[in-house]
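Commentary on secondary and tertiary structure
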Amino acid sequence: MTLRERATRTRSLPPLGGDAPGLLLAAAGVAAAIGVHAAVPAVPKLTAAVVLGMAAAHLPGLRPVVRGVARPGLSTAGKRLMRLGIVLLGLKLSLDDVLGLGWATVAMVLAVVAATFAGTLWLGRRLGLPGDQPLLVATGYSICGASAIGAVSQAAGSEEEDVASSVALVTLCGTLAIAVLPLLQHPLGLGEVEFGRWVGASVHDVGQVVATAQTGGVGALREAVLVKLMRVVLLAPLVAGVAVGVRRRARRDGGNAAGPDAADTGGSGSPVESGRRPPIVPLFVAGFLAMIVLRTTGVLPERALTLAGDAQELLLAAALFGLGSAVHLPTMVRTGGRLALLGLGSWVVVAGVSYAGVLVTM
């Protein structure tokens, strides 16, 4: 091939775009996290990935890239790669492990979600927070962080400003949990299993649960993910309940209340207009359960399970780097004192009720 032909071929190639730049940056972050762990074994790879993602989002040289061309790929890493990693995590469990949780743990999770949601909603209204902020923060703390806020905000027709401030608060508190909760494990007298269940019942986002629980060991991570996925499954009935409540309020107020009814003729994000409905069980949860069943059959050789475990850790590291890069500290500072007070109060409620629930059910 001549130089002219090569130049012509290069010009004809499409520019690098879409998810590629962000995924490449996430891969570099994973490599850096592995290097940090190799240099300082006390720092887990997944924890290093979160911190490196946050650092990349605030370093002057990388900040424009993280916020610009790399944003789509980093978002994909934080969502899709996380789900793939959770699916593969199912290969570390068997049905005996799942059944071993027992009905007492299921009851504990339901109690934690109900107490956190009701307590946060009540406190937010007492503090006089505007719009749907009390509802959205209550949802994020009780179910699964930013993803739950996004789902409920569509059902409630929430203002974008309320959604942004609620996501910022929940992300900050969930990120702080990665550093704070492991320090409390031994002072609170929690073993590996108890710590995992406490984390799974009290930390907001799935990725933050993984990053926090893995500091307690493989057993803690297993228990945390199982308990957390129980909370995730509760998202669909919560969204449905919010939608029904908003529609009833709209009819009671003569159709003037904001919500899906009002949004029917409005924004494109309305679930009524788009016809979208949240699935009863998210696809990645179904995949996680399928992997548990596959592991239970015993058909997979040990080598395959080892390779799957390595792939799962790499996927989770990339996902946590992407999640860390989405944290914007200046936005957190601007969320306001009353919202911060609500976040602190809700954090105390979910951590305290979860801790009591773990002690009662063990």
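In the block above lies the structure referred to throughout.
Description of the structure in this document. Here the structure is a predicted model, which is why all the values come from computation and not from measurement. (Residues numbered from 1 in each chain as written. Predicted model: local features only at pLDDT ≥ 70, side-chain atom pairs only at ≥ 80, totals over all residues. Heavy atoms only, no water.)

Turning next to the overall build of the protein. The number of helices and strands found in the protein is 20 helices and 0 strands. The 362 residues of the protein split such that 45% are buried. Once local pairs closer than 6 in sequence are excluded, the contacts in the protein between residues at least 24 apart make up 76%. Total accessible area on the protein stands at roughly 17,100 Å², and carbon and sulfur atoms take up 66% of it. (Helix = DSSP H or I, 4+ residues; strand = E, 2+ residues; numbered from the N terminus. Buried < 20%, exposed > 50% of the residue type's maximum accessible area, 1.4 Å probe, protein only. Contact = heavy atoms within 4.5 Å. Areas by Shrake-Rupley, 256 points an atom, 1.4 Å probe, with all protein chains shown as cover.)

For helix α17 (residues 283-297), with 15 residues, the first-to-last C-alpha span of 21 Å sits near the 21 Å given by 1.5 Å per residue. Regarding α17, the residues found buried are Phe-284, Val-285, Gly-287, Phe-288 and Ile-292. All buried residues of α17 project into a common sector of 160° when viewed along the axis, lining one side. (Expected span 1.5 Å × (residues − 1). Arc of directions from axis to C-beta.)

Moving on to the nonpolar core. If you look at the biggest cluster of nonpolar residues, it comprises 90 residues, and the most contacted ones within it are Ile-86 and Phe-288. The dominant element in this core, judged by the number of residues it contributes, is helix α13 (residues 218-233), at 8 residues. Non-local contacts of Ile-86, meaning those with residues more than four positions away in its chain, are made with Val-206, Val-210, Val-225, Leu-229, Phe-284, Phe-288 and Leu-316. (Core = buried A, V, L, I, M, F, W, Y, C linked by side-chain atoms within 4.5 Å.)

Turning to a nonpolar patch on the surface, a few remarks are in order. On the surface, a cluster of nonpolar side chains totalling about 400 Å² of accessible area is made up of Leu-176, Val-180, Leu-183, Leu-184 and Leu-188. Structurally, Leu-184 can be placed in helix α10 (residues 160-184). Taking the relative accessible area as the measure of exposure, Leu-184 reaches 34% and is therefore partly exposed. (Patch = residues over 30% accessible without salt bridge, like charges linked within 9 Å, V, L, I, M, F, W, Y side chains within 5 Å. Salt bridge = Lys/Arg side-chain N within 4 Å of Asp/Glu carboxyl O.)

It is worth spelling out the environment of Pro-21 at this point. Of note, Pro-21 is situated in helix α2 (residues 20-39). C-alpha of Pro-21 to C-alpha of Gly-68: the two residues are 47 residues apart in sequence and 9.8 Å apart in space.

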